[in-house]
Amino acid sequence: MRYIFTTLLALFCLALQAQIDFPAGTPVVNGYDITYTNPNLNGETLYLCGNYGNQLFVVDSAVVKKGIASFHNKKAVLPCGVYTLSKDPRDHFFSNWKNFITVVLNKSNQVQISQEGSFSYHQAQDLKVTGSEETTLLNRFLYNICNSAAVVDPDSLKPLCEEFCGTMPQSFLSKYVQAQFGWLTEHDARILNCQDAFKDVPYTDFSEPRLLYSPLPLFWMYKNIADCEIHDSDVLIQLTDSLLSRCSNELTRNYFVEQFFKLFDNHDPDQDPVLLHLYDNYDHGWIEEGSERRIERKIQNLRKIIPGAQIPELISHDVDGKAHSTNDITAKYTVLWFWDPDCDHCQEMTPILHQMYQEHAEDWNFEVFAVEVNEDHDRWVAFSDLHQLWDWVNLSTSMGEANIDYIEYFDIVTTPVIFLVNNLQNHTIISRQITLDELRSKLENDN
């Protein structure tokens, strides 16, 4: 069983290593020679781990034999940054940083670390480092935190950070300490939410590229934005710009632009303006080679369907093969209803929309342009017969080719999809991908 576990863990570590592709311009160190000595850890396996933003990768592993674990590879090319020695490569440093030993790889890549006590900063008074002044300073600072009230008291942590950073404010270590602990020293940011984490908090100085290759909570916290249910795109743009304004270094800026783009690329119409903002206002160095045309095409499609954009004339066919156009609709509003009779939500919601249409189409001054997009003719007819849907503009792509590809043009990933269009303003999109309740509210409040 122990052999199976060890084998699986080794495969896991190899998978972690294979994930990382460092961008051009990354500051690197050629080769490493790290020795960790601790007579109390015989038989333990230690892992040398690095970080690329929020990705963890394993550089090497070593079994402690006769009190010594040796990590050695002259040919390896590694990013300069903060690495960790840990007992479990799946752990993240900032979540339990007291049980890690840090190693700073920069110009000096031959580091010797010795310790007589347990593998923990709590008992690291006997931790001795040679070969790397930066590793010595950082481990001494972390030990001071672990053995003071700063562990639980931000007021005690702040002077320790200020003292450490004050002697060398522009150094890599100072910026790392501020990025690692600075948010804890600010009273307003102790309970982190989206606003606190990214707006006007002075701990995000990413002018130093090595921070991208160091374990920092900010690389993980930015994902919290997705859980905050912020529906105001202006607020989201402000939050992203606030962080990106601190990234004067091209590597870190490109990293965060890419991460924010992936975060907001979820077909949420509230977040589409953020994607356009990131694409229009920042360099495109974050786009992977070979993906330029795909990203450009996506942005072009988004410009066509965000609120304020004008839809082109849409033509599709009814059960008799007759073509119908959105330009023929005389009502103030057109509700574009893209649906599929095989879709459970469509089966539930289409009759509800139809009832709304029957009860309020005249007094709310709207018409439904319903298009079945799955080309399932028989189910479309059967469902339409069952629910008597023939009194609105009931069309199907099975009855003839539409004048444009609705699925591609309107970025339809799942059905149903609603677009509300104002015909009196040149067929301008008011809202898209809204719920039936939101549609009811918009139509009712406008009349």
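Before reading on, note that the structure itself is shown above.
Residues numbered from 1 in each chain as written. Predicted model: local features only at pLDDT ≥ 70, side-chain atom pairs only at ≥ 80, totals over all residues. Heavy atoms only, no water.

J.: Could you give me a rundown of the sheet that holds strand β3 (residues 55–63), with the residues and numbers involved?
T.: Sheet architecture is open: 4 strands sit in the order β3-β2-β5-β6, paired in antiparallel fashion. Every interior strand has two partners, whereas the edge strands, β3 and β6 (101–105), have only one. Pairwise comparison of adjacent strand axes, ignoring direction, gives a mean angle of 30° for this sheet. Looking at chain direction, strand β2 (residues 45–52) and β3 are connected through 8 bridges and run antiparallel. Residue Y47 lies in a different strand from β3, and its bridge partner there is S61. Helix α2 (residues 133–146) rests against β5 (81–86) and β6 of the sheet, and its axis sits at about 150° to β6. (Pairing = 2+ DSSP bridges. Helix = DSSP H or I, 4+ residues; strand = E, 2+ residues; numbered from the N terminus. Axes fitted to C-alpha atoms, helices over the stretch in contact; angles between N-to-C directions. Contact = heavy atoms within 4.5 Å.)

J.: Now, about the packing of aromatic side chains: what can you tell me, with residues and values included?
T.: What the rule picks out here adds up to 29 aromatic pairs. Between Y36 and F119, the ring centres sit 5.6 Å apart and the planes meet at 85°, which makes this aromatic pair edge-to-face. Of this pair, Y36 sits in strand β1 (residues 28–37) while F119 sits in the loop between β7 (110–114) and β8 (128–130), and the two are 83 residues apart along the sequence. Across the pair, exposure class does not vary: Y36 and F119 are buried alike. For the pair F338 and F410, a centre-to-centre distance of 5.0 Å together with 35° between the ring planes defines the contact as tilted. (Phe/Tyr/Trp six-rings, centres within 6.5 Å; stacked < 30°, edge-to-face > 60°. Buried < 20%, exposed > 50% of the residue type's maximum accessible area, 1.4 Å probe, protein only.)

J.: Describe the pattern of salt bridges, listing the residues and the values that go with them.
T.: Under the definition given, this model contains 11 salt bridges. Measuring nitrogen to oxygen at the nearest pair gives 3.1 Å for the salt bridge that ties R210 to E208. Across the pair, exposure class does not vary: R210 and E208 are buried alike. Of the charged contacts, one joins D376 and R379 as a salt bridge, the two residues approaching to 4.0 Å between their closest N and O atoms. Among the residues examined, R379 registers a relative accessible area of 39% and is labelled partly exposed. In the salt-bridge network here, residues are joined through shared partners; they are E134, E208 and R210. (Salt bridge = Lys/Arg side-chain N within 4 Å of Asp/Glu carboxyl O.)

J.: How would you summarise the environment of H324 if you had to cite specific residues and measurements?
T.: Along the chain, H324 turns up in strand β10 (residues 323–325). For H324, a relative accessible area of 23% translates into the label partly exposed. Put simply, H324 and L314 are 10 residues apart on the chain and 8.1 Å apart in space, counted from C-alpha to C-alpha. Not counting residues up to four positions away in its chain, the partners in contact with H324 are L314, I315, S316, D318, F369, V393 and L395.

J.: I'd love a proper account of unusual backbone geometry, names of residues and values included.
T.: The step from T415 to P416 runs through a cis peptide bond, and the omega angle for that step is 0°. Residue placement: P416 occurs in the loop between α13 (406–409) and β14 (417–422). Here H427, not a glycine, exhibits a phi torsion of approximately 60°, which is positive. Note on placement: H427 falls in the loop between β14 and β15 (428–432). Judged by relative accessible area, H427 falls into the buried class, the value being 18%.

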